[in-house]
Amino acid sequence: MNEVDNTMKKLLLLTSGGDCPGLNGVIRAVVKAAEHDGNWQVYGSRRAYCGVLEKPNDIIHLTSEVVAGIHVRGGTILETVNKGNPTAFPAEIAGEQVFIDRSDELISIIKQLGFDAVINIGGDGSHRVSQHLFEHGLNIVGVPKTIDNDLYGTDYTIGFQTAVDTATEAIDRLIPTAQSHNRVIVTEVMGRDAGWICLHSAIAAGAEVALIPEIPYDIEAIKAKLTSRFDKGHGFANIVISEGAKPVAGGVVSKQSNELGYENPVLGGIAEQLASQIRVALDLDVRVTVLGHIQRGGTPNAFDRVLAAEFGVQAFELVKRGQFGFIPVSKDGEIKPISLKEATSEYRVIPLEHPLITSARAMGMCLGE
Ligand code: F6P
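Residues numbered from 1 in each chain as written. Predicted model: local features only at pLDDT ≥ 70, side-chain atom pairs only at ≥ 80, totals over all residues. Heavy atoms only, no water.

A. Region of the structure containing the overall build of the protein. The helix and strand tally for the protein stands at 12 helices and 15 strands. Over its C-alpha atoms the protein spans a radius of gyration of 22 Å, differing by no more than 12% from the 21 Å that the globule rule assigns to 369 residues. With the C-alpha coordinates aligned to their principal axes, the bounding extent of the protein is approximately 75 × 50 × 30 Å. Burial analysis of the protein (369 residues in total) assigns 52% to the buried set. By sequence separation, contacts in the protein at least 24 residues apart represent 73% of the contacts at least 6 residues apart. Within the structure as shown, the protein displays about 15400 Å² of accessible surface, and the carbon and sulfur contribution to it stands at 49%. (Helix = DSSP H or I, 4+ residues; strand = E, 2+ residues; numbered from the N terminus. Rg over C-alpha atoms; globule rule 2.2 N^0.38 Å. Buried < 20%, exposed > 50% of the residue type's maximum accessible area, 1.4 Å probe, protein only. Contact = heavy atoms within 4.5 Å. Areas by Shrake-Rupley, 256 points an atom, 1.4 Å probe, with all protein chains shown as cover.)

B. Spatial organisation of the nonpolar core. Leu 11, Leu 13, Ile 119 and Leu 199 are the most contacted members of the largest nonpolar core, which has 63 residues in total. Of all hydrophobic cores here, the second largest spans 27 residues; its members include Tyr 43, Ile 107, Ile 110 and Val 129. (Core = buried A, V, L, I, M, F, W, Y, C linked by side-chain atoms within 4.5 Å.)

C. Highlighting the sheet that holds strand β10 (residues 237-242). One open sheet accounts for four strands, arranged β9-β10-β8-β13; its pairing is parallel. Taken across any chain shown, the strands that pair with only one partner, and hence form the sheet edges, are β9 (209-211) and β13 (286-290). Averaged over neighbouring strand pairs, the angle between their axes works out to 15° when direction is ignored. Relative to β10, strand β8 (residues 184-189) runs parallel, the two being bridged by six bridges. Residue pairing across strands places Thr 187 opposite Val 240, the latter belonging to β10. (Pairing = 2+ DSSP bridges. Axes fitted to C-alpha atoms, helices over the stretch in contact; angles between N-to-C directions.)

D. How the structure looks around the environment of Pro 216. With respect to the helices, strands and loops of the structure, Pro 216 is situated in the loop between β9 and α8 (219-231). On the basis of relative accessibility, which here comes to 37%, the residue Pro 216 falls in the partly exposed class. Taking the C-alpha atoms as reference points, Pro 216 and Met 363, 147 residues apart in sequence, are found 20 Å from one another. Apart from the residues within four sequence positions on either side, Pro 216 is in contact with Lys 246, Pro 247, Val 248 and Gly 368.

E. The arrangement of helix α1 (residues 23-37) in detail. Under the 1.5 Å per step criterion, the end-to-end length of α1 is 21 Å for 15 residues, consistent within 8% with the ideal 21 Å. In the stretch just after α1, Gly 38 is the one whose phi turns positive, near 90°. (Expected span 1.5 Å × (residues − 1).)

F. Just the site of the ligand, in detail. Lining the immediate environment of the ligand, one finds Asn 82, Thr 146, Ile 147, Asp 148, Met 190, Gly 191, Arg 192, Glu 243, Tyr 262, His 293 and Arg 296. Within the contact set of the ligand, an oxygen atom lies 3.5 Å away from a backbone nitrogen or oxygen of Gly 191. Contacts to the ligand include His 293, whose side-chain N or O atom sits 2.8 Å from an oxygen atom. For the ligand, the protein covers 82% of the area, taking 400 Å² as the surface of the free molecule. Of the residues assigned to the shell around the ligand, the class counts are three nonpolar, four polar and four charged. (Near = heavy atom within 4 Å. Polar contact = N/O pair within 3.5 Å; in protein donor to acceptor, adjacent residues only side chain to side chain. Nonpolar A, V, L, I, M, F, W, Y, C, P; charged D, E, K, R; others polar.)

G. Examining the pairing of strand β5 (residues 96-100) more closely. Pairing geometry for strand β4 (residues 89-93) and β5, over five bridges, is antiparallel. Bridging across to β5, Glu 92 finds its partner in Gln 97. In textbook terms, the turn of a hairpin is the stretch between consecutive antiparallel strands, and for β4 and β5 this stretch comprises two residues, one of which, Ala 94, has a positive phi near 50°.

H. Representation of the pairing of strand β15 (residues 334-339). Where strand β14 (residues 326-331) meets β15, six bridges bridge the pair, whose relative direction is antiparallel. Looking at the pairing, Lys 331 lines up with Glu 334 of β15.

I. Local environment of the packing of aromatic side chains. A complete count under the given rule lists four aromatic pairs for this structure. Ring plane angle 70° and centroid distance 5.6 Å describe the contact between Tyr 43 and Phe 115, whose orientation is recorded as edge-to-face. With Tyr 43 in strand β2 (residues 40-44) and Phe 115 in the loop between α4 (103-112) and β6 (117-122), the pair connects residues that are 72 residues apart, well separated along the chain. With a relative accessible area of 0%, Tyr 43 lands in the buried category. (Phe/Tyr/Trp six-rings, centres within 6.5 Å; stacked < 30°, edge-to-face > 60°.)

J. Region of interest: the packing of α1 against helix α10 (residues 302-321). Running from amino to carboxyl end, α1 crosses α10 at an angle of 45°, the nearest separation of the two axes being 7 Å. When the interaxial angle is binned, α1 and α10 end up oblique. Helix-helix and strand crossings are classified by hand; for α1 and α10 the assignment is right-handed. When α1 is examined against α10, the residues Gly 25, Val 26, Ala 29, Val 30, Ala 33, Ala 34 and Asp 37 are found in contact with a partner set consisting of Ala 308, Ala 309, Gly 312, Val 313, Phe 316 and Lys 320. In terms of residue class, the contact of α1 with α10 is built from nine nonpolar, two polar and two charged. (Parallel < 35°, antiparallel > 145°, perpendicular 65-115°, else oblique. Left-handed = near helix turned anticlockwise from the far one by under 90°.)

K. Seen up close, the pattern of salt bridges. Per the counting criterion, the structure on display carries 12 salt bridges. Across the salt bridge formed by Lys 83 and Glu 259, the nearest N and O atoms sit 3.3 Å from each other. With Lys 83 in the loop between α3 (64-67) and β4 and Glu 259 in the loop between β11 (254-255) and β12 (266-267), this pair connects stretches of sequence that are 176 residues apart. Members of the salt-bridge network, linked through shared partners, are Asp 37, Glu 317 and Lys 320. (Salt bridge = Lys/Arg side-chain N within 4 Å of Asp/Glu carboxyl O.)

L. The arrangement of unusual backbone geometry in detail. One non-glycine residue, Arg 47, lies in positive phi territory at about 60°. For Arg 47, the position within the fold is in the loop between β2 and α2 (48-54). The partly exposed category is assigned to Arg 47, whose relative accessible area is 33%. In this model, Asn 182 sits at a positive phi of 50°, which is unusual for a non-glycine residue.

This is the structure:
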């Protein structure tokens, strides 16, 4: 750390969990709002809490020069990790791999470094950690991000709208090839517990089938839809499926990660499983495209840039007011704070009566029911 001015308050900023488009916009907005305010210096920890615990000397001073123009870039200039949970941090003790709670140590390092407050830009897992750290005495504020859009209490998280654009563009490109070859194309999109990306991109691109985690699918319903498509001479179909979708009788397709401290099962492969079933049952040509991390990359769209600016400014306002343990959310067109406790109380899955679901059904889209 350098350029410390003891008359100013100090704010630590970090990005944690999976990256997404728009993170840099939040970083820039916080830094610009703090400079405009004139009473705060902003610093950034690289690799979230791992940076504080393992390399506190790498914490960087974020000025408007450092953040100039970064709002149009994907990823995060602060880097990120999704396996550095300070409440279950990987360690080796007497030759054995264990997980230890380093949250009190983390809080005391942050305080020793002279930070008055922390802003953590993260998803549901990160904010559960933030709530824990808040309960243990850390002055912390959250910012909602994740392409999955599954954080409770907000209509939108940073990165979601750009991911929908990316998925829609990909499906748009796959539709003519499905049509030209008389094929079924199955596109697997991200969405661990919630089908927001799947349903938005399927409706936007005009897919025939959308399969989401909220509605376990019946293969018979999909077979009936495909048979009618091919019988009527249309001769092609596009299926969009969330990585977290599952059949009525069966589970998600996942494997255990070999990365130390990575807490979630690694999802992926449900599209291939479904494609094999369709090939066997209907003797059709089926191809699979897995969009994967392409959905997390790229330039943030205008919506995410604006949301990043609003969330960044509001998060800084919460810090200034000393309203810790809170997170700004976008609800019914308004940006307002809710408690981290509320934001992590449940996942925001698509309610079965949501207009997206009723509209999809009304247009004859098969949801696997
Ligand atoms: O950001 C959420 C998410 O995109 C999930 O949909 C996906 O399962 C996960 O991240 C994958 O993350 P990674 O491979 O980076 O650990």
